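# Breakdown of the fold
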Amino acid sequence: MTTLILAIALTAFLVEVARRLAPAIGLVDAPDQRKAHKGEIPLVGGIGIYAALLIVTAYTGLIAEHWPFIVSGTLLVLIGMLDDVFGMSPVIRLLLQAASVLFLCIAGNVYLSDLGGIIPGTSEFKLGIMSIPFTVFAGVGIINAFNMSDGVDGLCGTLTLFALFGFGIVAYIAGMQSELLMVGILGGALIGFLMFNLRLPGRQQAAVFLGDAGSYLLGLSVLYFAMKLSRRILGEKDGETAFDDLPFKKVPFKPFSRKVADLMTRWWAWRDERDLMR
């Protein structure tokens, strides 16, 4: 709980400082034909989340265990910042994203080794030598999917927060304390950011945007925790899940998550329509 509160407060402070400095370095999003917001909005939400994550993990000592994730996230944050300020070729951006995920796979020894029973009549589908290439391909897709979802105030951050809530439940039941603390820190940082990004009473638009740096980092985070929590990859047999024998597996999360996503999409569409009518 202490780390959660620390992450919330630290992120809120860092975002407030960063948004005041953003115009001086050109880290702002100006309205155009595709963007309906008014005025220049600082693109510093992701930087605040990253900085708070780095500081709190260093303070708690978790950085020693999760350093491959931190290094990979650092690379993505730098890529996102450069893209926000100067723009970047799509090919170069994809190659750098792939390099970041590849580093995480190799240095962190975390990757997809099989796809389970994806083919009817089989118990599991082993990827073999394609494990790391497939993980890199899927990881780049997830990162850019989160980036594309960052088009509505609060959407990307809220969806990630829901995912982290589920990861936290899994980590708690599986007894994975380190991962539980990491999820709590990132969740706290997200809450601190959403205080600036959600449309609150008296505020018709976000005060701060996530930016490419933030959406890339959140996409990587979901990829990392999904793999980390679903497999025991250190000192265990490859492919053994972390919660094979837990009744938690029987909880129907897919239908629930689809319903939550549908309700959130409908609510945001209604809110945007209401704002246009005004």
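Scroll up a little and you will see the structure.
Notes on the structure follow. Please read all numbers here as calculations on a predicted model, not as lab measurements. The written sequence of each chain sets the order in which its residues are numbered from 1. With pLDDT at 70 or above as the cut-off, local features in this predicted model cover only qualifying residues; side-chain atom pairs require 80 or more to be listed or tallied, and sums for whole chains, interfaces and linings still use all residues. Hydrogen atoms and water are omitted, and side-chain values are computed over all heavy atoms in the structure.

### A word on the overall build of the protein chain
This is how it is decided: Going along the chain from the N terminus, every DSSP run of H or I of four or more residues is numbered as a helix, and every run of E of two or more is numbered as a strand. Three exposure classes are used, based on accessible area relative to the maximum for each residue type with a 1.4 Å probe and protein chains only: buried under 20%, partly exposed in between, and exposed over 50%. Should any heavy atoms of two residues lie within 4.5 Å, those residues are counted as being in contact. Surface accessibility follows the Shrake-Rupley procedure with a 1.4 Å probe radius. Residue values consider only the protein chains on display as shielding.
Per the secondary structure count, the protein chain includes 9 helices and 2 strands. The order of helices and strands in the protein chain, counted from the N terminus, is α-β-β-α-α-α-α-α-α-α-α. Here the protein chain holds 278 residues, and 44% of them are scored as buried. Long-range contacts, defined as pairs at least 24 residues apart, comprise 70% of the intrachain contacts of the protein chain with a sequence gap of at least 6. Entry remark: accessible area of the protein chain is about 14500 Å², with carbon and sulfur atoms responsible for 68%.

### Here we look at unusual backbone geometry
Of note, N109 is a non-glycine position whose phi angle comes to about 55°, a positive value. Mapped onto the secondary structure, N109 falls in the loop between α4 (90-108) and α5 (131-149). Owing to a relative accessible area of 30%, N109 belongs among the partly exposed residues under this scheme.

### Focus on the environment of L190
Mapped onto the secondary structure, L190 falls in helix α7 (residues 177-197). Between the C-alpha atom of L190 and that of A12, which follows or precedes it by 178 residues, the distance is 9.4 Å.

### Some details on the packing of aromatic side chains
Given two aromatic rings, their pairing is described by the distance between the two centres and the angle made by the two planes. Threshold: The rule is short: rings of Phe, Tyr and Trp, with Trp giving its six-membered ring, pair when the centres are within 6.5 Å, and they are stacked under 30 degrees, edge-to-face over 60, tilted in between.
Counted by the stated rule, this structure contains 5 aromatic pairs. Both rings, one in W67 and one in F103, keep their centres 6.1 Å apart while their planes meet at 65°; by these two values the pair is edge-to-face. Note that W67 is positioned in helix α3 (residues 67-86) and F103 in helix α4, a separation of 36 residues in sequence. Linked through ring pairs, F69, F167, Y224 and F225 together constitute an aromatic cluster.

### A short note on the nonpolar core
Put simply, the rule reads: We call a set of buried residues a nonpolar core when its members are Ala, Val, Leu, Ile, Met, Phe, Trp, Tyr or Cys and they connect through side-chain atoms within 4.5 Å of each other.
Formed by 62 residues in total, the largest nonpolar core has its most connected members in I49, F69 and F225. Those elements that provide at least two residues to this core are α1 (2-25), α2 (45-60), α3, α4, α5, α6 (155-174), α7 and α8 (211-230). When residues no more than four places from it in sequence are discounted, the contact partners of F225 are L164, F167, E179, M182, V183 and L186.

### Re the packing of α2 against α8
Which entries qualify depends on this criterion: Only the contacting stretch of a helix is used when fitting its axis, a line to C-alpha atoms as for every element, and angles between N-to-C directions run 0 to 180 degrees. Roughly parallel means an angle under 35 degrees; roughly antiparallel means over 145; roughly perpendicular covers 65 to 115; every other angle is labelled oblique. Residues are grouped as follows: nonpolar covers Ala, Val, Leu, Ile, Met, Phe, Trp, Tyr, Cys and Pro; charged covers Asp, Glu, Lys and Arg; every other residue, Gly included, is treated as polar.
Contact geometry of α2 with α8 gives a least axis separation of 6 Å together with a crossing angle of 50°. One element, α2, and the other, α8, form an angle in the oblique class. Contacts between α2 and α8 involve G46, I49 and Y50 on the former and, on the latter, A213, G214 and L217. Across the contact of α2 with α8, the residue classes tally to 4 nonpolar, 2 polar and no charged.

### Some details on the side chain of N147
Here N147 lies in helix α5. Among residues more than four places away in sequence, those in contact with N147 are D212, S215 and Y216.

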